[in-house]
Amino acid sequence: MLNAREQFFNGGNGDGSVAAGLGLGIEITEYGVSNGGRVYNTTTVPMTSASSWRTTTTTTNSTGNATASTTPSSAQVSSSAVVTKTPLEPVAEEDVHFDTDALSNLPARDPVDIEFKELSLTVNLGFNRGSKEILHNVNGKFPGSQLIAIMGPSGAGKSTLLDALSGFKTTGVDGSILLNGRRRDLPSFRRMSCYITQDDRLQPLLTVNENMHIAADLKLGENVSYEEKETRIEDILLLLGLYDHDQTLTMRLSGGQKKRLSIAMELINNPTVMFLDEPTTGLDSSSCTKVLELLKKLTSQGRTIICTIHQPTAKLFQIFDQVYVLSAGNCVYQGGTEKLVPFLQAVDLPCPMYHNPADYIIELACGEYGYDKIDTLKSATENGSCLTWFNNPSAVMRAETLMRKNPIPRRTKTRSLENTSYTNQCSVLLRRGYIKAKRDTTMTHLRIGVNIAVAILFGAIYDHTGAEGSRVLDNYNLLFAILMHHSMTTMMLTVLTFPIEMSILLKEHFNRWYSLKAYYTSMTLVDLPISIISCFLFTAIIYLWSYQPMEWVRFWMFFAISLLTVFVGHSFGLMIGAWFDVTNGTFLAPVLTIPQMMFAGFGVTLRDLPSYLKWGSHVSYLRYGLEGFIAAIYGLDRGVLPCDEAPYCHYRYPKKFLEEITMSGDQFWNDVLALSAMTVIFRLISFIVLKAKIKSVR
Ligand SMILES: Nc1ncnc2c1ncn2[C@@H]1O[C@H](COP(=O)(O)OP(=O)(O)OP(=O)(O)O)[C@@H](O)[C@H]1O
Ligand SMILES: [Mg+2]
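Rules behind the numbers
- Residues numbered from 1 in each chain as written.
- Chains lettered and ligands numbered in written order.
- Predicted model: local features only at pLDDT ≥ 70, side-chain atom pairs only at ≥ 80, totals over all residues.
- UniProt positions renumbered as here; feature names shortened; annotations may be inferred.
- Helix = DSSP H or I, 4+ residues; strand = E, 2+ residues; numbered from the N terminus.
- Buried ≥ 20, exposed ≤ 12 C-beta atoms within 10 Å, placed from the backbone.
- Contact = placed C-beta atoms within 7 Å.
- Pairing = 2+ DSSP bridges.
- Axes fitted to C-alpha atoms, helices over the stretch in contact; angles between N-to-C directions.

- As annotated in an unreviewed UniProt entry, the protein chain carries the name ABC transporter domain-containing protein and is attributed to Drosophila willistoni.
- As its UniProt record puts it under Subcellular location (unreviewed entry), the protein chain is described as follows: "Membrane".
- Reading the Sequence similarities (unreviewed entry) entry of the UniProt record for the protein chain gives the comment "Belongs to the ABC transporter superfamily. ABCG family. Eye pigment precursor importer (TC 3.A.1.204) subfamily."

The following block contains the structure:
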């Protein structure tokens, strides 16, 4: 069974197909400066003026062209700004150039010291299985402006410690976490920190630039001007060596570039504390060095960067300021990277000559040299309380000193964790949804294509059935086939694609990019035009080709029922997609549709249903769909049908046919009402399920 963190990071479905980081925005109160009368969103860091951001007198217009006098650093910025804005092929990682001058444009942060005492984390193993403690009263201190590595063998609890410290995991966490000596206030900590996961959960169909703009619009809000956002984006892209790829689709980026894009998106609101889970896994050694060097540079501006890492090379290991080694949920070393060898010497476990100390401590932590050594190390570090092996132990401030040095952070009045308003979130998400829909081959192009193709196929098979008295039963079959097409295609498409979308939703929602309500609203609205267009094309083709009655009112009735069936199918799929993973969803969706078919009144008429199963027909949306179609085609007192193709037409009187199938043909509005109600109910349930799912992974 997947644990909560795995569920979260794998999109709750265990497929792990898409991934990304978690960004948490920024505490504003301490930086609540306004710039030239500009009003900044109260929960975002105000952009420093374009000049201070860029540290030059350069003014940068929206197209990225820089003008006017510049310092050497901005000259570099301006020249690169003019050169490339065209789509480029991804370059090899070796060619990446990090523009460290751009770093000076990122506003510096006041360092934050993180300390944890007697921290334990217990997980519930499920019904009747008890619980398991993963972290065992560990202690630690991560001073500000440092790059800290959390190391240890696989399963030691590195990611769990990161989850607990970042506030991602709150259930089962015991002990105290202090920020600058004070107890951590989770909402404000979430505003000032970000969490970048191992896998990059990014929107694949958006370019780097579009992803950055969406992140900026959601994190910085409408009060920050476009030019300022553009300037910040340019600087970050230059800093991370992504500027030349800003027109490249995210799905075409290399692994290292995706990793850097994840970091870039979180840097937009300039977090003070950054948590990264295995930022170097999957990267070649040169990319690893570059990512770590970049992180190291970011710490120079007051950021505290904590990342988990697997067996770094000696060269990579040296880049870190401090290292925290875990072994089966206990601390076996905490201190400077340079002090590791003296520490091992002091505990009588000297690192062999020509042996990478990082490798050696992990071997010790694995128990390769005996489990008694782990106990020796644990007691030597006092499970993380011992500060002797810090680079400069005398400079490490006690909690009281830190409290005195740092004023009490001002509390923000807003309860919402998101940085921008609901309407801004909706409009940005709608914009993103529109871009995605335009490029999405499955959800848009294939869906429209399939609707046209199936309509043509049905048209060819059921040619003329709507107008011929001898083919009423064929037409009835056609109506049911259309109903199945509308409900199944949208349902299955949603069941198959939503879990992937869900993984991004989980990450971005935890990142405080937007509320679930805004996401849900925009998702519903983005789907509307595609549903309407594909349904209309299908209806027009099949209606004309099968010679249904040429009356506008009947056509619109037919279209309305088709569209409502599409909506119900989509909502039903959403409910299943939100609840189950792709495998279970793909199995369950058709299985749950079969009883709906049985109760639709097709095959077994509503009259012939056993009385104790009659309720089934009231909850079957296919029944309302079928009844609605019958009302549109054979209701409204339709006249006698022509009987040209056979000597005898049993159902040439529509009334007779209606009697036979026990439908009255005048239930159209009731059917519309029932289908609408079902859409709303399924949507509500999906929303509740989504909300519960988001809660459950924490
Ligand atoms: N919800 C859970 N239920 C049961 N066990 C869990 C749960 N979450 C974590 N664990 C266990 O806790 C231990 C630590 O897990 P964690 O993911 O923190 O390890 P890690 O050090 O990050 O390992 P890796 O280097 O492989 O990523 C593992 O043994 C894992 O199986
Ligand atoms: Mg891990």
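**Looking at the overall build of the protein chain**
- Helix and strand content of the protein chain: 24 helices and twelve strands.
- Residues counted as buried form 47% of the 698 residues belonging to the protein chain.
- Taking the contacts inside the protein chain whose residues are at least 6 apart along the sequence as the reference set, 78% of them involve residues at least 24 apart.

**Details of the pairing of strand β8 (residues 193-196)**
- Residues of β8 alternate between two faces, with S193 and Y195 on one and C194 and I196 on the opposite face, all of them buried.
- Across four bridges, β8 lies against strand β9 (residues 273-276) in parallel orientation. In the sheet register, I196 faces β9, and the bridge partner there is L276.

**A word on the sheet that holds strand β4 (residues 131-142)**
- Spatially, β4-β3-β6-β7 is the arrangement adopted by the four strands of the open sheet, whose pairing is antiparallel. Each having just a single partner strand, β4 and β7 (182-183) make up the two edges of the open sheet.
- Alignment of strand β3 (residues 114-124) against β4, held across eight bridges, turns out to be antiparallel. Looking at β4, one finds that F116 is bridged to G140.
- Sheet strands in contact with helix α4 (residues 158-166) are β3, β4 and β6 (173-179), and its direction is about 115° off that of β3.

**Thoughts on the sheet that holds β9**
- Read from one edge of the open sheet, six strands run β8-β9-β10-β5-β11-β12, paired in mixed fashion. Every other strand in the sheet has two partners, leaving β8 and β12 (330-336) as the edge strands with one partner each. With strand direction ignored, the average angle separating the axes of adjacent strands in the sheet is 15°.
- In terms of strand pairing, strand β5 (residues 147-151) meets strand β11 (residues 322-327) through four bridges, oriented parallel. Pairing of I150 across the sheet is with Y324, part of β11.
- Of the strands in this sheet, β5, β11 and β12 touch helix α12 (residues 357-366), which is tilted by about 25° from β11.

**Section: the environment of Q311**
- Note on placement: Q311 falls in the loop between β10 (304-308) and α10 (314-319).
- Distance in space between the C-alpha atoms of Q311 and Y360 is 9.5 Å, their sequence separation being 49 residues.
- For Q311, the contacting residues outside a window of four places in its chain are A358, D359 and I362.

**Notes on the UniProt feature "transmembrane region" (unreviewed entry) in the protein chain**
- Following the UniProt record, the feature "transmembrane region" (unreviewed entry) maps to residues 444-462, 482-506, 518-543, 555-580, 587-606 and 672-690 here.
- With 60% helix and 0% strand, the stretch residues 587-606 has end C-alpha atoms that lie 27 Å from each other.
- Between the first and last C-alpha atoms of residues 672-690 the distance is 27 Å; the span itself is 100% helix and 0% strand.

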